[in-house]
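Each chain, letter by letter, is given below.
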Amino acid sequence: MRHYLFMILTLFFVSYANAQSIEIKGNVKDGSGVPIPGVNILQKNTANGTVSDFDGNFTISNIEIGSTLTFSYVGYITQDIVVANDSFLNIQLQEDLAKLDEVVVIGYGTQTKKEITGAVSVLGAETIEELKPTRIEQALQGQVAGVNITSQSGSPGAGATISIRGVSTNGDSRPLILVDGNVIEDLSVINPNDIESINILKDATAGIYGVRAANGVILIKTKTGRKEMPLQVEYNAYGGFQQTTREIPVLNATEYSLIVNEAHAAGGSAIPFPDVSNLGSGTDWQDKVFSNAFITNHNILFKGGTKNSYYSYSGSFLTQDGIVGGPRSNFTRFTNNISYNVDFLKNFKFTSGLMLIRTSKRNLPENSNSSVLFNALNMAPTFTVRDEDGAYTLAEGLGGEVINPLAQIDDTHDRGKVLKLSGNAGLSYNFLDHFTAQTNIQWNYSEVSSNIFNPVAYFGSGKNSNVDRSSIVTTLDHYRDYTFDAFVKYQNSINDTHNINVLLGTSVFKTTGEFSGLTGYDVTIANPSMDVASDIEDRYEAQGRNPTFDSRLLSYFTRLQYDYKGKYLFSAVLRRDGSTKFGPENKFGFFPSGSIGWVASDESFLSESKFFDLLKFRASYGILGNDRIPDYRFVSLLNGEGTYIFNDNEVFGVASGAISNPGIKWEKQKTLDVGVDMRFAGNKIDITADYFKKRTEDLLVIPQVSGLLGTGGAPVINGGIIENTGFEFAIGYTDNFSDDFKFSVRYNLTTLKNEVISVNTDGDFLTGGSFGIGQPTPSRMEAGYPIGYFRGYKTDGIFQNQDEVDNYPTIDERVQSGDLRFVDINDDGVINDDDKTNIGDPIPDATMGLNLSMDFKNFDFSAYAFASVGNEIVRNFERNQALTNKTVYYLDRWTGEGSTNTTPRVTTGATSNILFSDFYVEDGSFVRLQNVQLGYTFGDKVFGNSKINKLRLYVSASNLFTLTKYSGYDPTASSGAPIGGGIDQGFYPSARTYLFGVNLKF
């Protein structure tokens, strides 16, 4: 009996204890220790709940011991906590990166990645932080399939050419770039630390942005606060140094003198170096011009929010010296970025932002046959830097181009500055439950100035760079533009089955520019100012030209997005664009696009298998327009320069400009994309694959015309078709093996085939680029070939003896044993221009990127590599003069029968070896380790009660090594021109950079 009584009493007390209700208090923070306001706290299986306040604190009553509290917040992993006897809970929520990745900006709105039916790639702030780029383009290279970055130079602040899915036009092929809605032409003015995310629209879904989106769209969102966020402060800084990745092996003084003697002897001249025994190694000119260059960056960010608003401010300072010339090629950037957003009424929202950027760049001559590196490569190693009197040595006997590169650096005074002010403001109003009316305005104002001082200079006899009269050139250009958008959105879900989103709007864009510039003479280095100059000339007044431009767009657009149960997806865009670039008959163009998708993993026959977390098929097709040509080319303008004689006096005036073409019309790009998105293994593995085809018709080109026409230039015509086809593939694996170890690896591949289908101009081709001195242009746009392919002679070894010369067609009677043997392509027994053929092209067949990251306890490590395969580069940094230096491959030159079959003889006489041929074309394929970074984050216990939430220290190395067969400085060498790119004239190489940095959060 006592036994049963004891059991009853025990059950009673246990039941009482389990039913006991207590009050729970606590605080919710993120992984960095920052309080999170607005977190939903709910007792599981009940309606009892609360929300954390501004400081992350919460109180919830009537909680039974043993029950479960669920903590949830958008963008964070939901966490369940079983209530014990604790009356105070410290909760830390971790960011759910997979969910954050789901939200994608697509133009005038957002979608989850599951809903997207187009080809869209996303790059988050975490990736950008790992790379620590000085320019945004450096963060895109190798990270996003289908996006290829071509550096125009490795000098500080230099630009880059961005191509999305190939070169689709011979004109301006830049994508549209929007930063918080602001149109940005030059990414050098944007601080990468300010970026929250980058979204790239690569297919016809970019058509919502109309004419400016023909080459793709890059949408950049900067960091800001969130509602009810306490003030947060972030300070990020790094400093380090840069150095060249390589020096091109050239001949030392002894090797040089021996080969120069041999060349003179072969040319029938007296040898210039009778005694070479004491010459030694001589001067290493590359070593003299290259130096370790410093780089520092500081960035501070303030962000926060109240119940109805949120805000942010960031400021940064970057200064970077060049690896050529050091501080004489410095780039400095100041940025300021502020945003404020408020819900000032229940249904009214106001957004705004303002950016102020100032940049300053000191320039040295680069990427030409008058550049510092071109001179360093060709300067004779037997010359000293200075002569016996202490003056810079004159480069006598080296032709008109080559001068002492150190004298050139000291003599160059070229500085450019940019002031840019950008702003945006928007209002949105929600009404009738499902409607939103919105209006936005974005505007840009820029001042671009330059100051160039050319002192009196003498570099040697007959040098092109000699200056007899000092001068100063100042320019100041103003650019203004604005974009006004107004649209209405309707969004509704009917029976949780039919989801409809309709957009209807209009857009107005206007851009203008004003140019001014003066040239003054007879100034001194002590006072290089226009105030003391004489004979001041206006750069436009003397030419009789109009120093302005004015271009405008008017657009109407609508978009319908529909899905059934989130499984069957449809989107359609109709856009009508009008441009002042075209005449009345063709001013407006109509550009439709559409896309469909099927989320197969939501079907019952797949959802139950639990293999696929996501399986989605999608396809898109559309037509996009392009109007990027000079203004008003459909009418005749008096904007040329004319010289007339009145009363025996020469008078400058105006003349007819380029030939008009009233019939020019929109360039049209027809884009097809078919893709699949997959996620499986608990979202640990994700795969994306796309096939794409872009066909550009009615290509806007400027053909060659005869000079006999006597006009200011050729007309713009619709004269060609270009087609790009390719395949994109990306795969990633991410896993948290434990609380202490996380691992991620991603790989992407893009293949590309570019082909010119037709060129409807006189001669059926267009040319570009340059090679050597006075030779025909080496690059062409011609049907059946890639755009900008290299056209020249194909070689077949070296003539080994006179019998081979006598029994083979030669280009002229100068050919001797030891010279290059050109292939008779058409077998007509004559070597001439008809035997020139395709000997390479600058467009890679494939590009790929590999990204690796690991976190172990407080350590984090990341590395990524980029590869480009299948493109060629023209080696054009050698000046063929009797006394200029040569690269070391001439040590393997032909010296007699059987000595070599690859490198021709040396001679000072006339020779066909200098003609453009595949001897000067090299494989530009490479693999580059772009970035390696190791960081350590100090734990919370280190800071105690201080206000520091996070302290991370890191070291990184960029451009650590490059594997390539190319003999030049950098296999990424290119001007970026569609016709004429891929020609290396002593390309300023991308620097290897070592950094030490700190990330600090309060």
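Just so we're clear, the structure is a prediction, and the values are computed from it rather than from any experiment. (Residues numbered from 1 in each chain as written. Predicted model: local features only at pLDDT ≥ 70, side-chain atom pairs only at ≥ 80, totals over all residues. Heavy atoms only, no water.)

Glancing now at the overall build of the chain. Helix and strand content of the chain: 10 helices and 52 strands. For a compact globule of 1002 residues, the expected C-alpha radius of gyration is about 30 Å, and the chain comes in at 33 Å, within 12% of that figure. Principal-axis analysis of the C-alpha atoms gives the chain an extent of 130 × 70 × 65 Å. Each of the 1002 residues in the chain was classed as buried or not, and the buried ones make up 50%. Restricting the contact set of the chain to residue pairs at least 6 apart, pairs at least 24 apart contribute 70%. As displayed, the chain offers around 44300 Å² of accessible surface, 55% of which is attributable to carbon and sulfur atoms. Separation between the mean location of the 83 positive side-chain charges and that of the 112 negative ones in the chain comes to 8 Å. (Helix = DSSP H or I, 4+ residues; strand = E, 2+ residues; numbered from the N terminus. Rg over C-alpha atoms; globule rule 2.2 N^0.38 Å. Buried < 20%, exposed > 50% of the residue type's maximum accessible area, 1.4 Å probe, protein only. Contact = heavy atoms within 4.5 Å. Areas by Shrake-Rupley, 256 points an atom, 1.4 Å probe, with all protein chains shown as cover. Lys, Arg positive; Asp, Glu negative; His and termini not counted. Charge placed at Lys NZ, Arg CZ, Asp CG, Glu CD.)

Taken in spatial order, the 3 strands make up an open sheet running 48-47-51, and their pairing is mixed. Since the sheet does not close on itself, it has two edges, and those belong to strand 48 (921-923) and strand 51 (983-984), each with one partner. Taken together, the 3 bridges between strand 47 (residues 872-875) and strand 48 define a ladder with antiparallel strand orientation. Counterpart to Ile 873 in the pairing with strand 48 is Glu 922. (Pairing = 2+ DSSP bridges.)

This part takes up the nonpolar core. Val 289, Phe 290, Ile 323, Val 324, Phe 790, Val 874 and Phe 916 are the most contacted members of the largest nonpolar core, which totals 51 residues. Breaking this core down by element, the ones donating at least two residues are helix 5 (253-266), helix 6 (285-289), helix 7 (372-378), helix 8 (405-411), strand 43 (820-822) and strand 47. Tallying contributions element by element places helix 7 first for this core, with 5 residues. (Core = buried A, V, L, I, M, F, W, Y, C linked by side-chain atoms within 4.5 Å.)

Right, let's talk about empty space enclosed by the protein for a bit. In this structure the tally under the stated criterion is 13 cavities of 30 Å³ or more. Its boundaries defined by the atoms lining it, the second largest cavity holds a volume of some 530 Å³. Put simply, the parts of the chain that give the lining of the second largest cavity at least two residues each are strand 11 (147-151), strand 12 (160-164), strand 38 (741-759), strand 45 (846-856), strand 46 (859-869) and strand 47. For the lining of the second largest cavity, the element with the highest residue contribution is strand 11, accounting for 4 residues. For the lining of the second largest cavity, the residue count by class is 17 nonpolar, 19 polar and 3 charged. (1 Å grid on protein atoms, 1.4 Å probe; cavity = no way out; pocket = protein on both sides within 12 Å on 5 of 7 lines; lining within 4 Å. Points joined across faces, edges and corners; volume = space filled by probe spheres on them. Nonpolar A, V, L, I, M, F, W, Y, C, P; charged D, E, K, R; others polar.)

Of note, Val 467 is situated in the loop between strand 23 (435-454) and strand 24 (471-494). Measuring from C-alpha to C-alpha, the distance between Val 467 and Leu 69 comes to 81 Å, with 398 residues separating the pair along the chain. Filtering out sequence-adjacent residues up to four positions away, Val 467 remains in contact with Asn 454, Pro 455, Val 456 and Ala 457.

Turning to a nonpolar patch on the surface, a few remarks are in order. A cluster of nonpolar side chains, namely Tyr 313, Ile 338, Leu 354, Ile 441, Trp 443, Tyr 482 and Phe 484, defines an oily patch on the protein surface of about 560 Å² accessible area. Mapped onto the nonpolar patch, the elements with two or more residues apiece are strand 23 and strand 24. Judged by relative accessible area, Tyr 313 falls into the partly exposed class, the value being 30%. (Patch = residues over 30% accessible without salt bridge, like charges linked within 9 Å, V, L, I, M, F, W, Y side chains within 5 Å. Salt bridge = Lys/Arg side-chain N within 4 Å of Asp/Glu carboxyl O.)

A separate point is the side chain of Asn 440. Turning to its location among the elements, Asn 440 is positioned in strand 23. For Asn 440, a relative accessible area of 14% corresponds to the buried category. In contact with Asn 440, other than residues within four places in its own chain, are Ala 425, Gly 426, Leu 427, Thr 483, Phe 484, Asp 485 and Phe 487.

Turning our attention to the pairing of strand 25 (residues 498-521). Within a regular beta strand, the side chains point alternately toward one face of the sheet and then the other, so they alternate between its two faces. Note: strand 24 against strand 25, 24 bridges, orientation antiparallel. Bridge assignment links Asp 485 to a residue of strand 25, and that residue is Ser 507. Counting the residues between successive antiparallel strands, the hairpin from strand 24 to strand 25 contains 3 residues, one of them, Asn 495, with a positive phi of roughly 60°. Looking at chain direction, strand 25 and strand 27 (residues 548-564) are connected through 17 bridges and run antiparallel. Bridging from a neighbouring strand, Thr 506 pairs with Tyr 556 of strand 27.

Looking now at the confidence of the model for the chain. Per-residue confidence for the chain gives a mean pLDDT of 86, with 91% of residues at or over 70. In the predicted structure, residues 1-19 sits below a pLDDT of 50 and forms 3 contacts with residues beyond four places in sequence or in another chain. (pLDDT = per-residue confidence, 0-100.)

The sheet contact formed by strand 18 (residues 293-305) and strand 19 (residues 309-322) spans 11 bridges and is antiparallel. Bridge pairing in strand 19 places Phe 302 opposite Tyr 313. The antiparallel hairpin formed by strand 18 and strand 19 contains 3 residues in its connecting segment. Sheet analysis places strand 19 next to strand 20 (residues 326-342), joined by 13 bridges and oriented antiparallel.

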